[in-house]
Amino acid sequence: MKHTTLVFLFPADPITPKQVDYDYEKEYTAAANYCEVRLIELDKLTEASIVKLNRTLPKNAVVIYRGWMLTPEQYGILEKWARSQDVILCTSLQEYTNTHLSPSWSDRANTLHSRWSEDLSESALIQLLNEFSSAVTVKDFVKSRKHEWAEAFFIPDPSDTTQALRVIRTFIERQGEQLVGGIVLREFVELKEIGHHPKSHSPIFEEYRVFYWRSIPVVIIDYWHNDTVQLNQQELAFITEQGQTLASSFFTIDYARKANGELVIMEIGDGQVSGLQEYDEKCFYKKLFEAMKEAEDASLR
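Note that the coordinates shown come from a computational prediction; the quantities given were computed from them, not determined experimentally. (Residues numbered from 1 in each chain as written. Predicted model: local features only at pLDDT ≥ 70, side-chain atom pairs only at ≥ 80, totals over all residues. Heavy atoms only, no water.)

K.L.:
Explanation requested: the overall build of the protein chain in the structure shown.
P.N.:
The helix and strand inventory of the protein chain stands at 9 helices and 14 strands. Expected size for 301 residues packed as a compact globule is a radius of gyration near 19 Å; at 20 Å, the protein chain falls within 12% of this value. Summarising its shape, the C-alpha atoms of the protein chain cover approximately 60 × 45 × 35 Å along the three principal directions. Within the protein chain, buried positions represent 51% of all 301 residues. In the protein chain, once contacts between residues fewer than 6 apart in sequence are set aside, the share between residues at least 24 apart is 65%. Carbon and sulfur atoms make up 48% of the accessible area of the protein chain, which totals about 15200 Å². (Helix = DSSP H or I, 4+ residues; strand = E, 2+ residues; numbered from the N terminus. Rg over C-alpha atoms; globule rule 2.2 N^0.38 Å. Buried < 20%, exposed > 50% of the residue type's maximum accessible area, 1.4 Å probe, protein only. Contact = heavy atoms within 4.5 Å. Areas by Shrake-Rupley, 256 points an atom, 1.4 Å probe, with all protein chains shown as cover.)

K.L.:
What's the story with the packing of aromatic side chains in this structure? I'm lost.
P.N.:
The description of an aromatic ring pair rests on the distance of the ring centres and on the angle between the ring planes. On inspection of all chains with the given rule, the structure shows 21 aromatic pairs. Here Phe 211 and Phe 284 contribute two aromatic rings whose centre-to-centre distance is 4.8 Å and whose plane-to-plane angle is 70°, an arrangement assigned as edge-to-face. On the criterion of sequence distance, the pair formed by Phe 211 in strand E11 (residues 207–213) and Phe 284 in helix H9 (residues 281–300) is long-range, its members being 73 residues apart. Given a relative accessible area of 1%, Phe 211 falls into the buried group. A relative accessible area of 1% means that Phe 284 is categorised as buried. (Phe/Tyr/Trp six-rings, centres within 6.5 Å; stacked < 30°, edge-to-face > 60°.)

K.L.:
Looking at this structure, how should I read the packing of helix H3 (residues 72–84) against helix H4 (residues 93–100)?
P.N.:
Helix-helix packing is described using two parameters, namely the angle between the two axes and the distance between the axes. Between H3 and H4, whose axes approach to 9 Å, the crossing angle comes to 155°. The angle between H3 and H4 falls in the class roughly antiparallel. Seen along the crossing, H3 lies across H4 with a hand that is right-handed. Residues Pro 72, Tyr 75, Gly 76 and Glu 79 of H3 touch H4, and the partners they reach there are Leu 93, Tyr 96 and Thr 97. Broken down by class, the residue content of the contact of H3 with H4 amounts to 4 nonpolar, 2 polar and 1 charged. (Axes fitted to C-alpha atoms, helices over the stretch in contact; angles between N-to-C directions. Parallel < 35°, antiparallel > 145°, perpendicular 65-115°, else oblique. Left-handed = near helix turned anticlockwise from the far one by under 90°. Nonpolar A, V, L, I, M, F, W, Y, C, P; charged D, E, K, R; others polar.)

K.L.:
Explanation requested: the environment of Gly 195 in the structure shown.
P.N.:
Position of Gly 195 relative to the elements: it lies in strand E9 (residues 193–196). When its relative accessible area of 22% is taken as the criterion, Gly 195 is described as partly exposed. Those residues in contact with Gly 195 that sit more than four places away from it in its chain are Ser 202, Pro 203 and Ile 204.

K.L.:
Before we go on, may I ask you to explain H9 in this structure?
P.N.:
Note that an α-helix has 3.6 residues per turn; residues three or four places apart therefore point the same way. When the terminal C-alpha atoms of H9 are compared, their 29 Å separation across 20 residues agrees well with the 28 Å that a helix rising 1.5 Å per residue should span. Taken together, the buried positions of H9 are occupied by Phe 284, Tyr 285, Leu 288, Phe 289, Ala 291 and Met 292. An end-on view of H9 places all buried positions within 155° of arc, on one side of the element. Exposed residues lying more than 90 degrees from the buried face of H9 are Lys 282, Lys 293, Glu 294 and Leu 300. Against the buried residues of H9 lie strand E1 (6–11), helix H1 (25–31), strand E3 (62–65), E11, strand E12 (216–222) and strand E13 (250–257). (Expected span 1.5 Å × (residues − 1). Arc of directions from axis to C-beta.)

K.L.:
Sorry if this is basic, but what is going on with the packing of helix H5 (residues 122–129) against helix H7 (residues 161–175) here?
P.N.:
Look at H5 against H7: their axes get within 11 Å of each other, and the N-to-C directions meet at 115°. Taken together, the axis directions place H5 and H7 in an arrangement best described as roughly perpendicular. Crossing handedness for the pair H5 and H7: right-handed. Contacts from Glu 122, Leu 125, Ile 126 and Leu 129 of H5 reach H7 at Thr 161, Ala 164, Leu 165, Ile 168 and Arg 169. Counted by class, the contact of H5 with H7 contains 6 nonpolar, 1 polar and 2 charged residues.

In structure tokens:
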């Protein structure tokens, strides 16, 4: 990005749009040490399809959005606006959906067996359930409600359609307008349990979130801060390998450890909208911009 201006775009505070959203204040400050930053009023984008920033962008700037999840439709509006302003989104709409929506990546190796449907009729959901012979979990194309384990996430027996449909319908109802795409059912595998969530009391497992830049792992975050767990060299090599074929510049992969000790991919996401899980913001942006510089230097060799 030597010949362009890099800009990180953060959500503005909904009440005071000249200020950054409180939840992104530390990231905003950290990113400003390395590049230009701007604020976007997300309410105007999500409710009126209007893109409004606190300041104009330099011509030909490369923009990385960093904020709350956007639907593909909303992200498409942002991309169209960027073109009209002669700026470039680092992540295109196609790249965004490649990682943001489960059906785009669920058939990859080392992921859980999954099937999905945009048709939410009872017959379609039963047909989906019939494709599984053991326990499954429920999510939409983006998110689950795993903290509501028994009510809206876990189906112990998909052949018990009455109970299974109850869980799916509860999930759909509670997602409401936030439901994206349709329903995804995934095989349930035994994971290495490390405790229970302090609020929901649902089980939590050994999990890692890895941020990638240009297919290279940049930051590995212990999802639940279980600092006693270490990844060995073989596992680190596995994590590096998994990022090689994803068509996006900035993405995340969430891994979990199965009960048998193996790592499995649980989720793939867009790096712009994946949370840091309380990871130190200064450290994150330092590592990210070091990786950006290394990638740029390598491209010039």
